[in-house]
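# Geometric and topological summary
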Amino acid sequence: MTDTEDAQPSLTAAEVLRGLTGQRVSTALHAIESRAGLLALTRRHVALPAICENMAATAERDYVTALTTGAELPTTPRAQHLERSAPAWAHLVPTSPSTRADLAHAFAARHPARRQDVPLIRAALGVAEPEVSEALTQRHGIRPDDLWADRLPLRERVRWWSMRMTDALDRLSPFWAAFALTLTQTVGAGVLALPIALAGVGPFLGLLLIVVIGLANVLTVAAIAESVTRTGTVRWAGAFLGGVVRQHLGRHAAHLTQGAIAVFGAVVMIVYYLGLASTLEEVFGVPESVWIALLFLVTVGFVWRGRFSATIASALLVGAVNLLIIGLLAVLALASFDASRWARADTSPTGGGFDPTVLGLVFGVLLASYFGHTTVAAGARTMLERDPGGRSIIRGAAAAMLVVILVYAGWTLVVLGAVDADRLEAESGTALVPLAETAGPLVLVLGTVFVIGAMGMAAVHSSIGLHSLTVELLEGLGRRGGPEPLWRRLLAVAPLAAVFVLVEVLVLTGRASFTTVLSLLGALTIPLLTGVIPVLLIAATQRRGDYVPASTLGWVASPPVLVAVYLLFVAAVAAHGLVIWTGAFERGLAFLVVALVVVVTVAVFRSGAFRPLTTLEVRRDHDLGLDALQVTSHGRPVSTDLRTAGPAGGDSALEGAARLPERTAVAELPALEVDTEQLSVWAHEVDAWGSSTPLQVAVSVDGQPVPLAADGTGSVDLPADGDPTITIDLGGTR
């Protein structure tokens, strides 16, 4: 031993104890911040559009990776996030009063807040308990109330006020959350093209088309809601629409869906560039090309920043403002309303003859205007936490689409009565400009707020989503890891720049038309996303779903109805290629889309996506250490006997689902009466952060093991003679 080592004082027992306590406090604080941060991240992604699915999934995956590897968290949660999620991390607080006291002291130092702002945090830390209060006094010389700040900076006070407002919106019941999200995310900028498109067919035929196409979308949005309710990965793994399609319809359908969403995102950027720029030019007199360039810079700024959120509250606030403005615009239009314009609109556009291009404009715009289906899938995980049966989500989404029909019908009839049909047909921008000519300049003032809120934010969303898809594609060209090279970041912005250049060319050459581009978008991509995919999904999940909703669509989703809806949407695209469009390029695109839909549909059928399936979910609650079984067959809950082996084992019944006794080693489902040819297994554990991780168990059917992949999933053919016995060995997994 050296002299230097001899000179070092030895640690006392108290110092060692304080060091160990400090380690426990640091560990607990990191765990608490980790869970709160992940919950805050997933909350920010609830209302993102489908094109941002990859961005959201990547961000959440990177966060979970940082948690599991002990790396630095991508973001540190604020005090508001910790207060909101306190019930979810309260179980991570140590039980020792001294450790709690030290944790509370460290917590308050790291996240300053006023006492009245953090009731949930105070309850989770237990600072009001006598033992913790005494430990605070002994170890830090303060009382519990002294932990918190008397005053906060203005910025922090605004954040607390904002949190209380958004929490009030987030506490909406699942029905009203689904209703409000679907309504506000469906009624958007497309409403400004409806009067222009329908001016060519008149108000009465236009009203009929609004109702017919709207009712078809009521069915398909409810089909999406029921499909995600039946999908286990939505509840436990945060799967978005793309993941649901991949699970139930296969990779070909998933690729087609992703491609349609990418095209939708690119074209909708063009639409919103044109709509926003034309309106702002009319208001401020600045050329469209300048506004397009400014919007491009704004979207690139959001993309370069790398973060964007769309919570339920923010979506509802923006959507509610948009709906209010539409209502106010309709009131202004009533001042110049003249019912005689309806009669002139019925005869003026085509001189009494049939013009198929007008019909193409109508169908395209109407189909695009009803697109809001992906919102249901994006917000399903949050809503299913409060309504596991999904009844409220299905009914809320369907009710919202019915209200959309009323909004579109009322708005279109009022505008067609306030503006001459020939003036609407001559407009290359939105309906705001011709409406302002008859209803006054206040229309443009309100319209400016609307286009910035509806079109501007949608353009940002689409830019971020298109950028994330490009990033994912570029990652396949090189190994991921470490800082992203500057050249790759610049290259990922190239699609956004290409859209910008295209829009500028259209404007400068005088070929830009907001309504025409929107109709092209609606005719080629929307039938797939709002018609074909929802029909295929509901047909598959009704036979192969993991869960059974509390209420279903019933006869409305029967095979004859689904076939009719499927053919309606496919025929809408085919009609554009056969009759409506005359250009070779446009007709070729229509035929290509029809061919892709037919090929993918055949591939889905051949993959067995519609063959009935029995599903077995083995789920472990990490926090409680308890296991649960969920069994469905042919989309219906299975009732069977359940035998368990363990300290509290015995015989019981399983009615669709059952929680196993504590420390169950083996569970057996004897003589399972099912009428399917295949069994699918998913074994997973819901961890402390609410994420699903694979659970290693041994599952066998009549003694034959079911091979499970690394992700905990597997499938096996069931014996032809029926009534198999399924055994789940859980003994060595704790």
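Refer to the structure above for everything that follows.
Turning our eyes to something else, we now look at helix α29 (residues 559–580). When the terminal C-alpha atoms of α29 are compared, their 29 Å separation across 22 residues agrees well with the 32 Å that a helix rising 1.5 Å per residue should span. Where α29 bends most, at A574, the angle is about 35°. Looking only at α29, the buried set comprises L562, V565, Y566, F569, V570, A572, V573, A574, H576, G577 and I580.

Because each turn of an α-helix spans 3.6 residues, side chains separated by three or four positions in sequence point in the same direction. The end-to-end C-alpha distance of helix α12 (residues 203–229), which contains 27 residues, comes to 38 Å, matching closely the 39 Å that a straight helix rising 1.5 Å per residue would cover. In terms of residue burial, α12 counts as a mostly covered element, since 20 of its 27 residues are buried.

We now examine the packing of aromatic side chains. Taken as a whole, this structure holds eleven aromatic pairs when the rule is applied. Arranged with centres 6.3 Å apart and planes meeting at 15°, the rings of F175 and F179 form a pair that is stacked. Here F175 pairs with F179, and both are found in helix α10 (residues 174–186), just four residues apart, close to one helical turn. Relative accessible area serves as the criterion here: at 25%, F175 is assigned to the partly exposed category. Ring geometry for Y370 and Y408: centres 5.2 Å apart, planes at 65°, overall edge-to-face. Of this pair, Y370 sits in the loop between α19 (356–369) and α20 (374–386) while Y408 sits in helix α21 (residues 391–418), and the two are 38 residues apart along the sequence. The two residues Y370 and Y408 agree in class, both being buried. These aromatic residues form a ring-pair network of at least three members: F175, W176 and F179.

This brings us to empty space enclosed by the protein. The full count for this structure, using the stated rule, is two cavities of 30 Å³ or more. Taken as a whole, the second largest cavity encloses approximately 30 Å³ of empty space. Counting only elements with at least two residues in the lining of the second largest cavity, the list comes to α28 (526–544), α29 and α30 (584–606). Here the residues of the lining of the second largest cavity are counted per class, giving nine nonpolar, no polar and no charged.

Okay, a nonpolar patch on the surface next. Taken together, L205, L208 and V212 make up a surface patch of nonpolar side chains, about 260 Å² in accessible area. Examined against the element boundaries, L208 turns out to sit in helix α12. Assessed through its relative accessible area of 49%, L208 is described here as partly exposed.

A separate point is the packing of helix α15 (residues 251–284) against α28. Helix-helix packing is characterised by the crossing angle of the two axes and by the distance between the axes. Between α15 and α28, the shortest axis-to-axis distance is 9 Å and the interhelical angle comes to 140°. Every residue of α28 that contacts α15 at L256, T257, A260, I261 and F264 is listed here: I526, L528, L529 and I533. Considered class by class, the residues forming the contact of α15 with α28 number eight nonpolar, one polar and no charged.

When you line up the elements, L413 lands in helix α21. When the C-alpha positions of L413 and P203 are compared, they lie 6.1 Å apart, and in sequence the two are 210 residues distant.

Bringing the pattern of salt bridges into the picture now. Here the structure, examined in full by the defined rule, presents 15 salt bridges. Notably, a salt bridge pairs D117 with R164, separated by 3.2 Å at the nearest N-O pair. Residue D117 is found in the loop between α6 (97–110) and α7 (119–125), and its partner R164 is found in helix α9 (residues 154–170); the two are separated by 47 residues along the sequence. Its relative accessible area of 37% is what places R164 among the partly exposed residues. Among the ionic pairs, D420 bridges to R341, the shortest N-O distance being 2.9 Å. Residue D420 is located in the loop between α21 and α22 (421–425), and its partner R341 is located in helix α18 (residues 340–347); the two are separated by 79 residues in the primary sequence. D420 gets classed as partly exposed once you look at its relative accessible area, which sits at 33%. Beyond isolated ion pairs, a larger network of salt bridges with shared partners links R114, D117 and R164.

Reading the values: rules and limits
- Residues numbered from 1 in each chain as written.
- Predicted model: local features only at pLDDT ≥ 70, side-chain atom pairs only at ≥ 80, totals over all residues.
- Heavy atoms only, no water.
- Helix = DSSP H or I, 4+ residues; strand = E, 2+ residues; numbered from the N terminus.
- Expected span 1.5 Å × (residues − 1).
- Bend = angle between axes of the 7 residues up to and from the residue.
- Buried < 20%, exposed > 50% of the residue type's maximum accessible area, 1.4 Å probe, protein only.
- Phe/Tyr/Trp six-rings, centres within 6.5 Å; stacked < 30°, edge-to-face > 60°.
- 1 Å grid on protein atoms, 1.4 Å probe; cavity = no way out; pocket = protein on both sides within 12 Å on 5 of 7 lines; lining within 4 Å.
- Points joined across faces, edges and corners; volume = space filled by probe spheres on them.
- Nonpolar A, V, L, I, M, F, W, Y, C, P; charged D, E, K, R; others polar.
- Patch = residues over 30% accessible without salt bridge, like charges linked within 9 Å, V, L, I, M, F, W, Y side chains within 5 Å.
- Areas by Shrake-Rupley, 256 points an atom, 1.4 Å probe, with all protein chains shown as cover.
- Salt bridge = Lys/Arg side-chain N within 4 Å of Asp/Glu carboxyl O.
- Axes fitted to C-alpha atoms, helices over the stretch in contact; angles between N-to-C directions.
- Contact = heavy atoms within 4.5 Å.

Structural measurements only, silent on function.
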